[in-house]
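# Structural description and commentary
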Amino acid sequence: MLEFFSKHLENAVNEIAKLPGIGKRTALRLTLHLVKADKIEVAALTTAIDNLKEHLCYCKNCFNLSDKDVCDICENPKRDHAMICVVQDIRDVIAIENTNQYTGVYHVLGGVISPMDGIGINQLRLQELFDRIDAGGVREVVLALPATVEGDTTNFYIYKNIKDKVSEITTIARGVGIGEELEYADEVTLGRSLMGRTSFESVYVKR
Ligand SMILES: [Zn+2]
């Protein structure tokens, strides 16, 4: 246990240490950095954090993070709105956008089906995805969930529910490596696997 001689110092360290991947000692180092930093710099940080809670929301179409009701991607008329890429979370949207290879829109599920972690279909934005497809105008759904048991279970669940409604259901090439999450794939590999996506059915159903 670290000993503190200031309640304020202790509080700040404890709060920062709650962030993922940050232990008490790193939290102390960051806190002491903030103590030394000038007021304006610290104010910019606290404002940025406050704004996350005050002004950031989920896009009502795709559940990407956005500063407004509908995100920039969904609002962009140059994007192909007939192509929806289904991803686990926002980090995947960022990774795919960084490849500059994808011109469609997204649907962020918020996770994958994982009974062990208590994540069932109702915890995810699956019904919202099916509603978007039922609304019509969707030509292709690209399944870009992680290559894990949970990712595959979720892929199959989606496939079963949409196979009669969408003409093309594809999946990204698994050159990305089994178990490796999208966000860790480099842009070139991820870009290639998006370009080389294949029919979900031909790979996973009709073997
Ligand atoms: Zn959106």
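Let me begin by describing the structure that accompanies this report.

How each quantity is defined
- Residues numbered from 1 in each chain as written.
- Predicted model: local features only at pLDDT ≥ 70, side-chain atom pairs only at ≥ 80, totals over all residues.
- Heavy atoms only, no water.
- Axes fitted to C-alpha atoms, helices over the stretch in contact; angles between N-to-C directions.
- Helix = DSSP H or I, 4+ residues; strand = E, 2+ residues; numbered from the N terminus.
- Parallel < 35°, antiparallel > 145°, perpendicular 65-115°, else oblique.
- Left-handed = near helix turned anticlockwise from the far one by under 90°.
- Contact = heavy atoms within 4.5 Å.
- Nonpolar A, V, L, I, M, F, W, Y, C, P; charged D, E, K, R; others polar.
- Salt bridge = Lys/Arg side-chain N within 4 Å of Asp/Glu carboxyl O.
- Buried < 20%, exposed > 50% of the residue type's maximum accessible area, 1.4 Å probe, protein only.
- Polar contact = N/O pair within 3.5 Å; in protein donor to acceptor, adjacent residues only side chain to side chain.
- 1 Å grid on protein atoms, 1.4 Å probe; cavity = no way out; pocket = protein on both sides within 12 Å on 5 of 7 lines; lining within 4 Å.
- Points joined across faces, edges and corners; volume = space filled by probe spheres on them.

One way to put it is that helix 6 (residues 126-134) packs onto helix 7 (residues 149-162) with a least axis distance of 11 Å and a crossing angle of 30°. Between helix 6 and helix 7, the interaxial angle falls into the category roughly parallel. When the axes of helix 6 and helix 7 are compared, the crossing they make is right-handed. Residue-level inspection shows L126, L129, F130 and I133 of helix 6 in contact with helix 7, the latter providing Y157, I158, N161 and I162. Each residue belonging to the contact of helix 6 with helix 7 can be placed in one class, and the counts come to seven nonpolar, one polar and no charged.

This brings us to the pattern of salt bridges. This model, assessed by the stated rule, comprises nine salt bridges. One salt bridge in this structure joins K68 and D72, with 2.5 Å as the shortest N-O distance. Assessed through its relative accessible area of 33%, K68 is described here as partly exposed. One salt bridge connects E97 with R79, and the closest N-O pair in it is separated by 2.8 Å.

Quick look at the side chain of E140 now. If you trace the backbone, E140 turns up in strand 5 (residues 140-143). Residue class for E140 comes out buried when judged on its relative accessible area of 3%. Only 2.7 Å separates the side chain of E140 from the side chain of T170, close enough to count as a polar contact. For E140, the residues in contact, after removing those within four places along its chain, are A82, M83, I84, V166, E168, T170 and R197.

Once that is clear, we can look at the layout of surface pockets. A water-sized probe rolled over the atoms picks out the places where empty space is left. Of the volumes computed, that of the largest pocket is approximately 340 Å³. In this structure, the largest pocket is lined by 13 residues; those nearest its centre are I16, L34, L45, T46 and I49. Among the secondary structure elements, those contributing two or more residues to the lining of the largest pocket are helix 1 (7-16), helix 2 (24-36) and helix 3 (39-54). For the lining of the largest pocket, the residue count by class is nine nonpolar, two polar and two charged.

That is the geometry; function is a separate question.
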